[in-house]
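Structural overview
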Amino acid sequence: MLLKENMIIVSQREIAPRIYEMVLTGDLVDSMTIGQFLHIRVPDATKLLRRPISISQVDKTKKEVTLVYRIEGAGTELFSKLCAGDILDCMGPQGNGFHIDFLEEKEAALIVGGGIGVPPLVELAKQLHERGVCVTAVLGFATADAVILENELACYADVIVTTDDGSYGIKGYVSTVIDEMTQTFDAVYACGALGMLAYVDRKFEKHPHAYISLESRMACGMGACYACVVHLREQSNVANKRVCEEGPVFETGSIILE
Ligand SMILES: Cc1cc2nc3c(=O)[nH]c(=O)nc-3n(C[C@H](O)[C@H](O)[C@H](O)COP(=O)(O)OP(=O)(O)OC[C@H]3O[C@@H](n4cnc5c(N)ncnc54)[C@H](O)[C@@H]3O)c2cc1C
Ligand code: FES
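Residues numbered from 1 in each chain as written. Chains lettered and ligands numbered in written order. Predicted model: local features only at pLDDT ≥ 70, side-chain atom pairs only at ≥ 80, totals over all residues. Heavy atoms only, no water.

Selection criterion: UniProt positions are given in the numbering used here, feature names are shortened, and annotations may be inferred rather than shown by experiment.
As annotated in an unreviewed UniProt entry, the protein chain carries the name Dihydroorotate dehydrogenase B (NAD(+)), electron transfer subunit and is attributed to Streptococcus sciuri. The UniProt entry for the protein chain carries the following text under Pathway (unreviewed entry): "Pyrimidine metabolism; UMP biosynthesis via de novo pathway; orotate from (S)-dihydroorotate (NAD(+) route): step 1/1." Its UniProt record, at the heading Sequence similarities (unreviewed entry), says of the protein chain: "Belongs to the PyrK family."

1. Considering the pairing of strand E6 (residues 64–70)
How we decide: Relative accessibility thresholds used throughout: buried, under 20% of the residue-type maximum; exposed, over 50%; partly exposed, between the two (1.4 Å probe, protein chains only). Runs of H or I in DSSP of at least four residues are treated as helices and runs of E of at least two as strands, each being numbered from the N terminus. Only strands joined by at least two bridges in the DSSP assignment are considered to pair.
The element E6 is extensively covered by neighbouring structure, given that 5 of its 7 residues are classed as buried. Here 3 bridges tie strand E5 (residues 57–59) to E6, and the two strands are oriented antiparallel to one another. Its bridge partner lying in E6, Gln57 is registered against Thr66. The antiparallel hairpin formed by E5 and E6 contains 4 residues in its connecting segment, where Lys63 sits at a positive phi of about 60 degrees.

2. As for the pairing of strand E12 (residues 187–191)
A large share of E12 lies buried, amounting to 5 of its 5 residues. Side chains Ala187, Tyr189 and Cys191 of E12 all project onto a buried face; the interleaved residues Val188 and Ala190 project onto the opposite face, where all are buried too. By the bridge criterion, 4 bridges tie E12 to strand E13 (residues 210–213) in an arrangement that is parallel. Note that in E13 the partner of Val188 across the bridge is Ala210.

3. Remarks on unusual backbone geometry
Here the bond from Gly92 into Pro93 is cis, since omega is -5 degrees, no more than 30 degrees from zero. Turning to its location among the elements, Pro93 is positioned in strand E7 (residues 87–94). At the junction of Gly247 and Pro248, the peptide bond is cis and its omega measures out at 10 degrees in the coordinates. Tracing the backbone through its elements, the reader meets Pro248 in the loop between strand E15 (240–242) and strand E16 (249–251).

4. Some details on the site of ligand 1
Worth spelling out the cut-off: Consider each residue's heavy atoms; a residue with any of them within 4 Å of a molecule or strand counts as near. Any pair of N or O atoms that falls within 3.5 Å is considered a polar contact. Within protein, one atom must be able to donate a hydrogen and the other to accept it, and sequence-neighbouring residues count only if both atoms are side-chain atoms. Here the Shrake-Rupley method, with its probe set to 1.4 Å, supplies the accessible areas, and only the displayed protein chains count as covering residues.
Close to ligand 1 lie 20 residues, the nearest being Pro52, Arg70, Thr76, Ser216 and Arg217. Arg51 is positioned with one of its side-chain polar atoms (N or O) 2.8 Å from an oxygen atom of ligand 1. Residue Gly73 places a main-chain N or O atom 2.8 Å away from an oxygen atom belonging to ligand 1. The protein chains hide 85% of the 830 Å² of surface that ligand 1 would expose on its own. Broken down by secondary-structure element, the contributors of at least two residues to the shell around ligand 1 are strand E4 (51–54), E6 and helix H1 (74–80).

5. What about the UniProt feature "binding site: FAD" (unreviewed entry) in the protein chain?
Operational definition: Should any heavy atoms of two residues lie within 4.5 Å, those residues are counted as being in contact.
As recorded in UniProt, the feature "binding site: FAD" (unreviewed entry) lies at Arg51, Pro52, Ile53, Ser54, Val68, Tyr69, Arg70, Gly75 and Thr76. Once you skip the residues sitting within four places of it in the chain, Ser54 turns out to touch Gln36, Phe37, Leu67 and Pro120.

6. Brief notes about the packing of aromatic side chains
This is how the line gets drawn: Pairing of aromatic rings covers Phe, Tyr and Trp, the last counted by its six-membered ring, and requires centre-to-centre distances within 6.5 Å; plane angles under 30 degrees mean stacked, over 60 mean edge-to-face, and any other angle means tilted.
Going through the model one piece at a time under the given rule, you end up with 5 aromatic pairs. Taking 5.6 Å as the distance between ring centres and 85 degrees as the angle between the ring planes, the aromatic pair formed by Phe98 and Tyr189 counts as edge-to-face. Highlighted residues: Phe98 in the loop between E7 and strand E8 (108–114) and Tyr189 in strand E12, separated in sequence by 91 residues. On the basis of relative accessibility, which here comes to 0%, the residue Tyr189 falls in the buried class. Between Phe102 and Tyr211, the ring centres sit 6.5 Å apart and the planes meet at 45 degrees, which makes this aromatic pair tilted. With Phe102 in the loop between E7 and E8 and Tyr211 in strand E13, the pair connects residues that are 109 residues apart, well separated along the chain. A relative accessible area of 8% places Tyr211 in the buried class.

Take a look at the structure:
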């Protein structure tokens, strides 16, 4: 069942240029799982569409959820102006997230993240780590000042950072590192820009447990309007999939990425 709540902002801070970390509290936290998102109303009556933002970290004991978002346009700009004590109208948690139940202690997982796709991977790494899974995270950013959540991930994973211009970590893309790896992984999870997802999708196309988390333009965010459809790669299958309902996480090799 889809829930809605006025969640209260506990804190908000800028963690990199135009990138904010917001902590919210409310009962919705009880039902949140990894890789899902919240569909958040912009506090401005002229903006009717909610904005989807991934769940980055969850603390069920404190009933707190952490979101990390980048200012893209008017909606996220307004989010960034809010302060502790302010209220946000949130719908969710929505979507099918990351599956980890099949992994056993001492098995290995690879996490691949790029830019503002990194936030949902923090809770994933945390829960994999709690399961005793050995986690390697390869994160790619444009430049040094865009690097986010490296320290948070380092609590649960061996982290390797790349930057496009070499201003921090290894110069190059996540593929620069992953193509050199000899280790095999029992599961692979990726979230980031389309080019990066296309690489992971190709590289791990036949992997039995490799998953990519997609973004798309959304309207209703609850499966009713079909604004967010993606197409299945299998020609014989005419069914579309909705990123907000069947996604945002899909198996590699299943979706046409364009
Ligand atoms: C499942 C999902 C999870 C996301 N998680 C995060 C996250 O954790 N952190 C983060 O910074 N961003 C995330 N995004 C992207 C975020 O939703 C957009 O950046 C945001 O909606 C832009 O709103 P705006 O008003 O600032 O920009 P505007 O450009 O003014 O938005 C106009 C419209 O386009 C839509 N839109 C614009 N960009 C996107 C986009 N990339 N994806 C989907 N809809 C978009 C908005 O919902 C809005 O309806 C996520 C998107 C999806 C689909
Ligand atoms: S946004 Fe309406 S069906 Fe996905």
